[in-house]
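# Structural features, examined
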Amino acid sequence: MPRMTLTGMPGHHPVVLSFEADTRFTIENGPEGATILGLHRQGSQQIVHVRETRDQIIAARAAALWNAPSR
């Protein structure tokens, strides 16, 4: 399962996110420089506030998918 680590807001703590290849990401601008990231899959969702920008999140997702072991 692909995993990526982002920086949570507020507090700047590490946030480790695991997801499947078919997980849908929504990325919105949030308050005070945060980005609101939503992960949606099979009727469930996870919402986190992170420091990374949209482009950084997309790059981290691509890297996690690229480095994930094949099934």
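Preceding this paragraph is the structure being described.
A brief structural summary. Because the structure is a prediction, the values reported are computed rather than measured.

This paragraph deals with the sheet that holds strand β4 (residues 35-41). The sheet built from three strands is open, its strands ordered β3-β4-β5 with antiparallel pairing. Edge strands, defined here as strands with exactly one partner in the open sheet, are β3 (24-29) and β5 (44-50). The mean angle between the axes of side-by-side strands here comes to 20 degrees, regardless of whether they run parallel or antiparallel. Examined bridge by bridge, β3 and β4 share six bridges and lie antiparallel to one another. When the sheet's bridge partners are listed, Ile-27 is paired in β4 with Leu-37. Strands β3, β4 and β5 of the sheet are contacted by helix α1 (residues 54-67), whose axis makes an angle of about 160 degrees with β3.

A complete count under the given rule lists one salt bridge for this structure. The salt bridge involving Asp-22 is made with Arg-41; its shortest N-O contact spans 2.6 Å. Pair noted here: Asp-22 is in the loop between β2 (14-18) and β3 and Arg-41 is in strand β4, with a separation of 19 residues, a long-range link.

Conventions adopted
- Residues numbered from 1 in each chain as written.
- Predicted model: local features only at pLDDT ≥ 70, side-chain atom pairs only at ≥ 80, totals over all residues.
- Heavy atoms only, no water.
- Pairing = 2+ DSSP bridges.
- Helix = DSSP H or I, 4+ residues; strand = E, 2+ residues; numbered from the N terminus.
- Axes fitted to C-alpha atoms, helices over the stretch in contact; angles between N-to-C directions.
- Contact = heavy atoms within 4.5 Å.
- Salt bridge = Lys/Arg side-chain N within 4 Å of Asp/Glu carboxyl O.

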